[in-house]
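This is what each chain is made of:
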Amino acid sequence: MDKFLKEQEASRELKEGSMLRKRMTAELILQMKLARRPIQNVTAEQINEELLQFVDPKGPYNYSQSYMNKIFSLLREVFKMAVVYEKLSKDANPFNIEGKIRKPRATKKTKKVTALNIEETKKLLQQLSIEEDKYKDVIWFLMLTGVRPGECLALKSKNCSLTENIIHIEVSLTKSSEDKTILGDDGKTENAERTIFITPMLREIIEPRINKQDPESLIFSNDNKLISVSTINRTFQEDM
């Protein structure tokens, strides 16, 4: 497994943040008993039995379905690459037989994401109007534009044109292979690059933050250092 993960890192098939999450998933697989056996000796029954431990409500893990999907996908990829590396024959790969390996259904409920209702919105607006939080403008910007937090925190002066009255969204924050917040090379999705118009309220927020002498300067920062998305999430929860 380590071999093909290193090959993926070298070829830059995945972004650093995605590669980091894949490495973390690999660590879970390495804790499985089957990881200590030659792959030729691992049976479908053993795989099915050990996958169940990740969704056992009484067990040490009990992961969500999204995490279970990552574990299942990476394990399937390991067996596929074993065939590519000629460590296993195609016919001996249990993932090649439909229904042979079963992906367990998680018992842990997926957290439902919902928009703020009217009362919650009123409460947040009231809190923002009376508090002098250092990240207050970030939250206002997010509410007024609907952009992702990572996109907001990656904005630079060069992305904001007060003459054309537009903000150009280009990149987003991501995680490095060392789990540090960094600027990504591109947006989170294929359609992430886009333009939004500057409203009067937005202008009040960004105009004093634009540095015309340094187009690369961040609009929102902690002394010119990146603000992490988790920091803004914590601030939002505190305001709510």
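Our subject is the structure listed above.
Before going into details, it helps to say that this report is about the structure given with it. (Residues numbered from 1 in each chain as written. Predicted model: local features only at pLDDT ≥ 70, side-chain atom pairs only at ≥ 80, totals over all residues. Heavy atoms only, no water.)

**Remarks on the layout of surface pockets**
What counts is decided by this rule: Points on a 1 Å grid over protein atoms alone make up a cavity when a 1.4 Å probe fits among them but cannot get out, and a pocket when they form an open set with protein on both sides within 12 Å along at least five of seven lines; lining residues each have an atom within 4 Å of a point. Grid points are joined across faces, edges and corners, and a volume is the space filled by probe spheres set on the points. Labels follow the DSSP assignment, with helices taken as runs of H or I lasting at least four residues and strands as runs of E lasting at least two, numbered in each case from the N terminus. Classification convention: Asp, Glu, Lys, Arg as charged; Ala, Val, Leu, Ile, Met, Phe, Trp, Tyr, Cys, Pro as nonpolar; all other residues, Gly among them, as polar.
Estimates place the volume of the second largest pocket at around 350 Å³. Lining the second largest pocket are 19 residues, with M1, A35, I39, V78 and A82 positioned closest to its centre. Of all the secondary-structure elements, those providing two or more residues to the lining of the second largest pocket are α1 (2-11), α2 (16-30) and α4 (65-84). Considering every element that reaches the lining of the second largest pocket, the biggest residue donor is α4, with five residues. In terms of residue class, the lining of the second largest pocket is made up of 15 nonpolar, one polar and three charged.

**Regarding the packing of aromatic side chains**
Where we set the bar: Any two of the Phe, Tyr and Trp rings considered here, Trp counted by its six-membered ring, make a pair once their centres fall within 6.5 Å; the pair's planes then place it as stacked at under 30 degrees, edge-to-face at over 60, or tilted in between. Per-residue accessibility, obtained with a 1.4 Å probe over protein chains only, is compared with the maximum for each type, and a residue is labelled buried under 20%, exposed over 50%, and partly exposed between these values.
If you walk through the whole model with that rule in mind, you get seven aromatic pairs. Taken together, a centroid distance of 4.6 Å and an interplanar angle of 25° make the contact between Y63 and Y67 stacked. Among the residues examined, Y67 registers a relative accessible area of 25% and is labelled partly exposed. Between F72 and F95, the ring centres sit 5.6 Å apart and the planes meet at 70°, which makes this aromatic pair edge-to-face.

**Regarding the pattern of salt bridges**
Let me state the cut-off plainly: In the sections that follow, a salt bridge refers to a side-chain nitrogen of Lys or Arg positioned within 4 Å of a carboxyl oxygen of Asp or Glu.
Inspection of the entire model under this criterion finds 10 salt bridges. Between K22 and E77 there is a salt bridge; the shortest N-O distance is 2.9 Å. Here E77 lies in helix α4 and K22 lies in helix α2, a separation of 55 residues in the sequence. Residue K22 is classed as buried on the basis of its relative accessible area of 15%. For E151, the salt bridge is made with R194, and the minimal N-O distance between the two is 2.8 Å.

**Some points on unusual backbone geometry**
With a phi angle near 50°, N62 is a residue other than glycine that sits in the positive phi range. Overall, the relative accessible area of 18% leaves N62 in the buried class. Of note, E86 is a non-glycine position whose phi angle comes to about 60°, a positive value. Take E86: it is sitting in the loop between α4 and α5 (118-130). The class for E86 is exposed, based on a relative accessible area of 71%.

**Focus: the packing of α5 against helix α6 (residues 136-145)**
Quick reminder of the rule: Fitted lines through C-alpha atoms serve as axes, helices being fitted only where they are in contact, and the angles separating the N-to-C directions of these axes extend from 0 to 180 degrees. Each crossing is labelled by how the near helix is turned from the far one, with a counterclockwise turn of less than a right angle marking it left-handed and a clockwise turn marking it right-handed. When checking whether two residues touch, look at their non-hydrogen atoms; a contact exists if any pair is within 4.5 Å.
Their axes nearest at 10 Å, the elements α5 and α6 cross at an angle of 145°. For α5 against α6, the interelement crossing comes out left-handed. Here L124, L125, L128 and S129 of α5 lie close against α6, whose contacting residues are K136, I139, W140 and M143.

**Thoughts on α1**
In plain terms, the rule: Each C-beta atom gives one direction from the helix axis, and the arc is the one those directions make.
For α1, the full list of buried residues reads F4, L5 and Q8. Looking down the long axis of α1, one finds its buried residues gathered within 105° of arc, a one-sided arrangement. One or two residues past the end of α1 sits R12, with phi positive at roughly 55°.

**Here we look at the pairing of strand β2 (residues 166-169)**
As a reminder, the rule being used: For two strands to pair, DSSP has to find at least two bridges joining them.
Where strand β1 (residues 160-161) lies against β2, two bridges are found, and the strand directions are antiparallel. Its bridge partner lying in β2, S161 is registered against I166. Adjacent in sequence and paired antiparallel, β1 and β2 are bridged by four residues, among which N165 carries a positive phi angle near 65°. Relative to strand β5 (residues 194-197), β2 runs antiparallel, the two being bridged by four bridges. Note on β5: the bridge partner recorded for H168 is T195.

**Quick notes on the side chain of Q8**
Convention followed: Here a polar contact is recorded for every N or O atom pair within 3.5 Å, except that within protein the pair must consist of a potential hydrogen donor and a potential acceptor, and residues adjacent in sequence are included only if both atoms are side-chain atoms.
Along the chain, the position of Q8 falls in helix α1. The buried category is assigned to Q8, whose relative accessible area is 7%. A polar contact of 2.8 Å, which involves the side chain of Q8, links it to the side chain of K22. Excluding anything up to four places from it in sequence, Q8 contacts E13, L14, M19, K22 and E77.

The values reported here are purely geometric and, on their own, carry no functional implication.
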